[in-house]
Amino acid sequence: MLRKILEEIKNHKFIYLLLSLVLIGATFVRVFNTKEILGFYYDQGRDALVIWNFLHKGDLFLVGPTTGIEGILRGPWYYFLILPFYFLGGGNPVWPANFLALTTVVAIVLLYILGKEIFDRSTGLIAAIIASFSYYLLVASRWLSNPTPMLLISMLLVMSMFMIVKGKKFAWIFIAILLGLSMQFGSATETFYIPSVAIFALKYRPTKKIFFVSLFSFFLIFLPQIIFDIVKKGVLSRSILEFLFDDGSFKFSFWEVVSARLSFYWEMFSFKIWVGPSQEFTGLFLLFFSMIVFDFKRLWKKDGFKILILLGLAPLIGMIFFQGNEGNIFDYYFTGYYLIYVLIFSAGLGILTKNRFSSIFVIAFFFLFFKSQTTAIKGYLDNGRSNVGFKEQILAIDWIYKNADGENFNVDIYVPPVIPYAYDYLFTWKAILYHKSPLTENVNLLYTLYEEDIPTRLDPWTRRQDKIGKIEEEIVFRGITVQRRKRLWPRE
């Protein structure tokens, strides 16, 4: 295999030189400046506290992050995945964040390989470039959250299905594991992997032995949740049944949501490839899509293309019927499909590279692509997506510790999601360095820390703080304000 890889690179040096540069660039934009622009908020703090309590207190966990639907929790696999990097980094969230970002670079490598095997090297390279330097895919790749591994899992799933097409039926075991993991990291539109794979299995059936091994592997992924459900007397199973049946999450009276869903699909897809006016992209999209339509008969003969279409269509159809979660549907629900759509789109561009004249359109696309993406990426790498990043949070906490100068203090925190899990974790982590934690019992020195929010929510909190302590000093770190206060004790 190594000999084949080296021969492939030797015979197509220019392609692999470009691919190497693309992957270096993809890695750079995914790990650069993480210690300053990392988004560490409610979910990240909650997850970090679970891992901290395991590492420092031995608190075991059988379930992971919430799915966003009341009572339904994912398995613990996301925590297991990032736990070693919290350990190696001494609790620093930058370590697991960079690890997750690097998994998306591996996904881009697999994206190229699939593009090359299903279509050709040009298509694989085009897909790799788009995935590497799309602003929105970059942001998704740097998200310290459980959906991020879905970028890699989706490519592994397509590759496993492609292996089965090639006659390697043992890959059904990989598919079973990946289906189980997809329900742990994604568990939104990733649900539609299951009917897609079931349809695929009608033609490429596993042997009985492989089927039972695969089924057992799938079962093992859910074992922690099953144990948790038994211990908690069916709390998970009741929530799942209520969501599926009592809440009417899937309905056949769906015409009223079709237009809204189609509009959402267009935005979800176009934003992964384009930054800026959608009119520019619409014209280019229609051109590239028409290439796929005109060449569809030839493409359909490729089993890999059928796999992409099967997987890509399933969530688009399924989510029209989905009306649960109060009808809410979010962009990140489709994380496990982003690269699949990029590869299908790239097939249209790949067709245009077949002759010199049509290649002009591909050059024009990438000229406009990089023109818009570069500005957006530069702004993101410099300042992040909001005025509250990891840099500002650490500056605020360090200022409190240095300002207190060893004196005992309390801290009161306001963040827009109400529960300040992020700061709970960061103070816990920083307490190791400073050998001091904020006290829970009231003392004279009080620090109030708050993030910017709309006045109707923030003002009542600040008015309450004015009745508790008098401001002695105030400092602002972009979107974070920290105040040193002297507590006003009630008169006896």
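Here's a quick rundown of the structure. (Residues numbered from 1 in each chain as written. Predicted model: local features only at pLDDT ≥ 70, side-chain atom pairs only at ≥ 80, totals over all residues. Heavy atoms only, no water.)

Bringing the overall build of the protein chain into the picture now. Counting its regular elements, the protein chain contains 22 helices and 4 strands. A compact globule built from 492 residues should have a C-alpha radius of gyration of about 23 Å, and the protein chain, at 25 Å, falls within 12% of that. Taking the principal axes of its C-alpha atoms as reference, the protein chain extends roughly 85 × 55 × 55 Å. A total of 492 residues make up the protein chain; the buried ones form 53% of that total. The long-range fraction of contacts in the protein chain, counting pairs at least 24 apart against all pairs at least 6 apart in sequence, stands at 77%. Of the roughly 24400 Å² of accessible surface on the protein chain, a fraction of 66% belongs to carbon and sulfur atoms. Placing the 50 positive and 38 negative side-chain charges of the protein chain at their respective mean positions leaves the two points 12 Å apart. (Helix = DSSP H or I, 4+ residues; strand = E, 2+ residues; numbered from the N terminus. Rg over C-alpha atoms; globule rule 2.2 N^0.38 Å. Buried < 20%, exposed > 50% of the residue type's maximum accessible area, 1.4 Å probe, protein only. Contact = heavy atoms within 4.5 Å. Areas by Shrake-Rupley, 256 points an atom, 1.4 Å probe, with all protein chains shown as cover. Lys, Arg positive; Asp, Glu negative; His and termini not counted. Charge placed at Lys NZ, Arg CZ, Asp CG, Glu CD.)

What follows is about helix H17 (residues 303–321). Its 19 residues give H17 an end-to-end C-alpha distance of 28 Å, which sits within 8% of 27 Å, the value for a rise of 1.5 Å per residue. Of the positions making up H17, those classed as buried are Gly 304, Phe 305, Ile 307, Leu 308, Ile 309, Leu 311, Gly 312, Ala 314, Pro 315, Gly 318, Met 319 and Ile 320. (Expected span 1.5 Å × (residues − 1).)

As judged from the 8 bridges shared by strand E3 (residues 469–477) and strand E4 (residues 480–487), these two strands associate in the antiparallel manner. Residue pairing across strands places Ile 471 opposite Arg 485, the latter belonging to E4. (Pairing = 2+ DSSP bridges.)

It is worth spelling out the pattern of salt bridges at this point. Applying the stated rule across the entire model yields 17 salt bridges. Asp 331 serves as the salt-bridge partner of Lys 272, at 2.9 Å between the closest nitrogen and oxygen. Here Lys 272 is found in the loop between helix H14 (255–271) and helix H15 (278–294), whereas its partner Asp 331 is found in the loop between H17 and helix H18 (338–352), with 59 residues between them in sequence. With relative accessibility at 26%, the residue Asp 331 sits in the partly exposed group. With a closest N to O distance of 4.0 Å, Arg 484 and Glu 407 form a salt bridge. Here Glu 407 lies in the loop between helix H20 (390–404) and strand E1 (410–414) and Arg 484 lies in strand E4, a separation of 77 residues in the sequence. By relative accessible area, Glu 407 is classed as partly exposed at 37%. Members of the salt-bridge network, linked through shared partners, are Lys 35, Glu 36 and Lys 391. (Salt bridge = Lys/Arg side-chain N within 4 Å of Asp/Glu carboxyl O.)

In total, this model carries 58 aromatic pairs according to the counting rule given. Aromatic pair Phe 61 and Tyr 79: ring centres 5.4 Å apart, planes at 85°, arrangement edge-to-face. Here Phe 61, found in the loop between helix H4 (42–57) and helix H5 (77–88), pairs with Tyr 79, found in helix H5; they are 18 residues apart in sequence, far enough to count as distant. Summarising the burial analysis for this pair, Phe 61 and Tyr 79 share the class buried. (Phe/Tyr/Trp six-rings, centres within 6.5 Å; stacked < 30°, edge-to-face > 60°.)

Along the chain, the position of Gly 39 falls in the loop between helix H3 (34–37) and H4. When the C-alpha atoms of Gly 39 and Phe 390 are compared, they prove to be 6.2 Å apart, with 351 residues separating the residues in sequence.

On to a nonpolar patch on the surface, then. Taken together, the side chains of Phe 216, Phe 219, Leu 220, Ile 226 and Ile 230 make up a nonpolar region of the molecular surface, amounting to roughly 470 Å² of accessible area. Mapped onto the elements, Phe 219 comes out in helix H12 (residues 208–231). The class of Phe 219 is partly exposed, set by a relative accessible area of 38%. (Patch = residues over 30% accessible without salt bridge, like charges linked within 9 Å, V, L, I, M, F, W, Y side chains within 5 Å.)

Moving on, we get to the nonpolar core. Phe 40, Phe 334, Phe 345, Phe 365 and Tyr 423 are the most contacted members of the largest nonpolar core, which has 147 residues in total. Non-local contacts of Phe 334, meaning those with residues more than four positions away in its chain, are made with Thr 189, Phe 264, Tyr 265, Met 268, Pro 315, Leu 316, Met 319, Ile 329 and Tyr 341. (Core = buried A, V, L, I, M, F, W, Y, C linked by side-chain atoms within 4.5 Å.)

Next up on the list: the packing of helix H7 (residues 121–133) against helix H19 (residues 356–383). In contact at an axis separation of 10 Å, H7 and H19 are set at 20° when each is read in the N-to-C sense. The pairing of H7 with H19 is recorded here as roughly parallel in orientation. For the crossing formed where H7 meets H19, the hand is left-handed. Residue-level contacts link Ile 126, Ile 129, Ile 130 and Phe 133 of H7 to Val 362, Phe 365, Phe 366, Phe 369, Phe 370, Gln 373 and Ile 377 of H19. (Axes fitted to C-alpha atoms, helices over the stretch in contact; angles between N-to-C directions. Parallel < 35°, antiparallel > 145°, perpendicular 65-115°, else oblique. Left-handed = near helix turned anticlockwise from the far one by under 90°.)

Here the focus is the sheet that holds E1. With mixed pairing, the 4 strands of this open sheet are ordered in space as E1-E2-E4-E3. The open sheet terminates on both sides in strands that have one partner only, identified here as E1 and E3. On average, each strand axis in the sheet is tilted by 20° relative to the strand beside it, whichever way the strands run. Lying over the sheet, helix H21 (residues 421–434) contacts E1, strand E2 (445–451) and E4, oriented at roughly 150° with respect to E1. Its contacts with the sheet place helix H22 (residues 455–468) against E1, E2, E3 and E4, and it is angled at close to 175° to E2.

With that settled, the discussion passes to the pairing of E2. The buried count for E2 comes to 7 of 7 residues, which makes it a mostly enclosed element. Alternating positions in E2 separate into two faces, Leu 445, Tyr 447, Leu 449 and Glu 451 on one and Leu 446, Thr 448 and Tyr 450 on the other, with burial throughout. Where E1 meets E2, 5 bridges bridge the pair, whose relative direction is parallel. Following the sheet pairing, Asp 412 is matched in E2 by Thr 448. In this view, the connection linking E1 to its parallel neighbour E2 by way of H21 has left-handed handedness. (Right-handed = clockwise from strand over helix to strand, strands pointing away.)

What follows is about unusual backbone geometry. A positive phi is found at Asn 33, a non-glycine position, where the angle reads about 65°. Along the chain, the position of Asn 33 falls in the loop between helix H2 (13–31) and H3. Located in the positive-phi region is His 435, a residue other than glycine, with phi close to 55°. Tracing the backbone shows His 435 in the loop between H21 and E2.

All we've got here are geometric facts, nothing functional implied.
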